[in-house]
Amino acid sequence: MSSNTAVRTVRRRTLRVAAAVLIAAAGFSLTACNDSDAASSKPAASSASSSSADSATGAKGSDGNGANGSDAKTDAKTDAKTDTKTDTKSAAAHEAASPDRTETLADGSTGEIYKLGDQHYRLKIVNDGDVLATFEANGQDAGLDGNGMYVVLTMGGEVQSWMGGEHQGPGTFELAGGWTAKVTKVGEGHYRAKIIGHGDVMGTMEANGHDAGLDANGVYIVLSTGGVISAHE
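Sequence positions are assigned chain by chain, starting from 1 and proceeding in written order. Side-chain atom pairs in this predicted model are given and counted only at pLDDT of 80 or more, local residue features only at pLDDT of at least 70, and totals for whole chains, interfaces and linings cover all residues. To get the side-chain values, all heavy atoms of the structure are used, and hydrogens and water are removed first.

Enquirer: Quick question: what am I supposed to make of the overall build of the protein chain here?
Expert: The helix count covers DSSP runs of H or I at least four residues long, the strand count covers runs of E at least two residues long, and both are numbered beginning at the N terminus. From N to C terminus, the protein chain includes 3 helices and 15 strands. By the burial criterion, 27% of the 233 residues in the protein chain qualify as buried. Expressed as a percentage of contacts within the protein chain between residues at least 6 apart in sequence, the contacts between residues at least 24 apart total 34%. The accessible surface values rely on the Shrake-Rupley method and a 1.4 Å probe; as for residues, cover is taken only from the protein chains in view. Approximately 14700 Å² of the protein chain is accessible, and the part contributed by carbon and sulfur atoms is 52%. When accessible area is computed with a 1.4 Å probe and restricted to protein chains, residues below 20% of their type maximum are described as buried, those above 50% as exposed, and intermediate ones as partly exposed. Here a residue-residue contact requires only that any non-hydrogen atoms of the pair lie within 4.5 Å.

Enquirer: Help me understand the pattern of salt bridges, please; the structure alone is not making it clear to me.
Expert: Opposite charge on two side chains makes pairing possible when the charged atoms of those side chains draw close. Here a salt bridge means any side-chain nitrogen of Lys or Arg lying within 4 Å of a carboxyl oxygen belonging to Asp or Glu. One pass over the full model with this rule turns up 3 salt bridges. Where Glu-103 meets Arg-101, a salt bridge forms, and the shortest distance between an N and an O atom there is 3.4 Å. Classification of Arg-101 as partly exposed rests on a relative accessible area of 32%. Glu-136 serves as the salt-bridge partner of Arg-122, at 2.6 Å between the closest nitrogen and oxygen. Of this pair, Arg-122 sits in strand E3 (residues 120–127) while Glu-136 sits in strand E4 (residues 130–138), and the two are 14 residues apart along the sequence. Judged by its relative accessible area of 34%, Glu-136 is partly exposed.

Enquirer: How do you make sense of the side chain of Ser-161 when you look at a structure like this?
Expert: Position of Ser-161 relative to the elements: it lies in strand E7 (residues 159–163). We classify Ser-161 as buried; its relative accessible area is 18%. Under this definition, polar contacts are N or O atom pairs within 3.5 Å; protein pairs additionally need one hydrogen-donor-capable and one acceptor-capable atom, and for neighbouring residues in sequence, both atoms have to be side-chain atoms. Among the polar contacts made by the side chain of Ser-161, one reaches the main-chain amide nitrogen of Ala-106 at a distance of 2.9 Å. Excluding residues within four positions of it along the chain, Ser-161 makes contact with Leu-105, Ala-106, Met-149, Tyr-150 and Val-151.

Enquirer: Looking at this model, I keep getting lost on the nonpolar core. Mind explaining?
Expert: The nonpolar side chains of a soluble globular protein tend to be buried, and buried together. In terms of nonpolar packing, the biggest core is built from 17 residues, with Val-183, Ile-221, Leu-223 and Ile-229 touching the most fellow members. Secondary structure elements with two or more residues in this core: strand E10 (180–187), strand E11 (190–197), strand E12 (200–208), strand E13 (212–216), strand E14 (219–223) and strand E15 (228–232). Definition used in this section: a nonpolar core is a set of buried Ala, Val, Leu, Ile, Met, Phe, Trp, Tyr and Cys residues joined via side-chain atoms within 4.5 Å. Among the nonpolar cores identified, the runner-up in size contains 13 residues, and Ile-113, Phe-135, Met-149 and Leu-153 belong to it.

Enquirer: Got a minute to help me understand the sheet that holds strand E6 (residues 149–153) in this structure?
Expert: In a beta sheet, neighbouring strands are held together by backbone hydrogen bonds and run either parallel or antiparallel to one another. In spatial order, the strands read E5-E6-E7; together these 3 strands make up an open sheet with antiparallel pairing. Lying at the two open borders of the sheet, with one neighbouring strand each, are strand E5 (142–146) and E7. Averaged over all neighbouring strand pairs, the angle between strand axes comes to 15 degrees, with direction disregarded. The rule for pairing is simple: two strands pair if DSSP sees at least two bridges between them. In this analysis an axis means a line fitted to C-alpha atoms, helices contributing only their contacting stretch, and an angle means the value between N-to-C directions, from 0 to 180 degrees.

Enquirer: What am I meant to see in the sheet that holds E14 here?
Expert: Taking strand neighbours across the sheet as the criterion, the 4 strands line up as E8-E15-E14-E13 in an open arrangement whose pairing is antiparallel. Edge positions in the sheet fall to strand E8 (166–168) and E13, since each of these pairs with one other strand and no more. This sheet shows a mean twist of 20 degrees between the axes of neighbouring strands, independent of strand direction. The sheet contact formed by E14 and E15 spans 4 bridges and is antiparallel. Note on E15: the bridge partner recorded for Val-222 is Ser-230.

Enquirer: Looking at this structure, how should I read unusual backbone geometry?
Expert: Residues other than glycine predominantly adopt negative phi, and peptide bonds predominantly adopt the trans conformation. Gly-169 connects to Pro-170 through a cis peptide bond whose omega is 5 degrees. Tracing the chain through its elements places Pro-170 in the loop between E8 and strand E9 (171–174). Phi is positive for Asp-128, close to 55 degrees, though the residue is something other than glycine. Positionally, Asp-128 belongs in the loop between E3 and E4. For Asp-128, a relative accessible area of 74% gives the class exposed. For Asn-147, which is not a glycine, the phi torsion comes out positive at approximately 55 degrees. Counting through the fold element by element, Asn-147 comes out in the loop between E5 and E6. Since its relative accessible area comes to 81%, Asn-147 is described here as exposed.

Structure (structure tokens):
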């Protein structure tokens, strides 16, 4: 073997050894990086435990199993019981209270008038200790067809009662005081009356499920759910 050939052989071996060393170093570096990434992605055991404990505590507080939830439930129950007791006591006290005044109605029964608030009155019709009917005027007049006795309770607490003078609707009828009523049937137990004066509609009454009453400038009108209308001045 010549000297030139020996030199080339040595150089090739040196290159191969160097390449092997580089590959081994690269592999080590890659493995180290992977191990480092894996280690950094895993949370510390103490942090995980702390977070779990905090989450569990928060969950208990939010769903009412913790101390705060129990307090909220207790307060809500106490408030509800207090409100219920207060409402019941108020209703019972009102029923036990004496009427503000009484009036004798057209059929001889007694009308007990209670003031419940501003433009809010209740009329209780009593005969021989028995309550025959109760109705209220709250922000608007109210009326009742009491088996041929007609009663109007105004939102100001005035009571008017009379007997007779009825008309059976539907139809158009002349009423007391010069009023005209045009009564139409809207549905079962639902009648409407347009109150007309001087050719103009001055008001509309709706008897829908309960009778209606109206104070038309001193003329008192009742429209029943059966379509009967009657007026008195």
